[in-house]
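# Inside the fold
Here are the chains, one letter per residue:
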Amino acid sequence: MRIIMEHSWIFISIFIFLAILLLFCLIRAIKGPTIADRVVAVNMMGTIVMVVIAMLAVYMGEGYLLDICLIYAMISFLAVVVLTKIYSGVYLEKLAKKKRQQQKAVQAESIREGSTGKNRIKEMKTEETRLKDAGTEEVTNKYTKRNEQERSDTL
């Protein structure tokens, strides 16, 4: 304990450094260009706060602060999980909206061309299926060739 009090300037400088890092994380959480940046910044802020609480526990010699640190860690983890779940839901919703807009655009284009939008959508789906089948066939051919080569090598 005597060593801690003699070298308290180390703790103070570390606290100042962590406060600056916390400020940078706060700026990124507010300004962040994407939601993923904001989630990571909030997670980092939680981690920095846990480190500050743990250092205060050592500096002050109070054990109950470590219990608070553990509880804060659990709450921070749950908050990040919830934010990630919300973010993934928003992302999937944006993708679905974009797909609906593309389908509406295809239908409008098909109506202008004289054919029905349903036929154009069917054509797009058959094209997607054909491309998927071609990709599957390519992978199957690759593995078949590799297996044949392995068999010939073992003989």
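Structure: see above.
What this report covers is the structure whose coordinates are included nearby. (Residues numbered from 1 in each chain as written. Predicted model: local features only at pLDDT ≥ 70, side-chain atom pairs only at ≥ 80, totals over all residues. Heavy atoms only, no water.)

Once that is clear, we can look at the nonpolar core. Ile4, Phe11, Leu18, Cys25, Ile48 and Met55 together form the largest nonpolar core, which totals six residues. When contributions to this core are tallied by element, the ones reaching two or more residues are helix H2 (8-31) and helix H3 (35-60). When residues in this core are grouped by element, the largest group, three residues, is from H2. Setting aside residues up to four positions removed in sequence, methionine 55 forms contacts with Phe11, Ile14, Phe15 and Leu18. Formed by five residues, the second largest nonpolar core is a distinct cluster that contains Met50, Ile53, Ala57 and Cys69. (Core = buried A, V, L, I, M, F, W, Y, C linked by side-chain atoms within 4.5 Å. Buried < 20%, exposed > 50% of the residue type's maximum accessible area, 1.4 Å probe, protein only. Helix = DSSP H or I, 4+ residues; strand = E, 2+ residues; numbered from the N terminus. Contact = heavy atoms within 4.5 Å.)

Turning to the packing of aromatic side chains, a few remarks are in order. Working definition: an aromatic ring pair is given by the centre-to-centre distance plus the angle between the planes. In the structure shown here, the tally under the stated rule is one aromatic pair. When the centroid spacing of 5.2 Å and the interplanar angle of 50° are considered together, the rings of phenylalanine 11 and tyrosine 59 count as tilted. A residue pair is termed long-range when its members are at least 10 positions apart, and phenylalanine 11 in helix H2 and tyrosine 59 in helix H3 qualify at 48 residues. What makes tyrosine 59 partly exposed here is its relative accessible area of 21%. (Phe/Tyr/Trp six-rings, centres within 6.5 Å; stacked < 30°, edge-to-face > 60°.)

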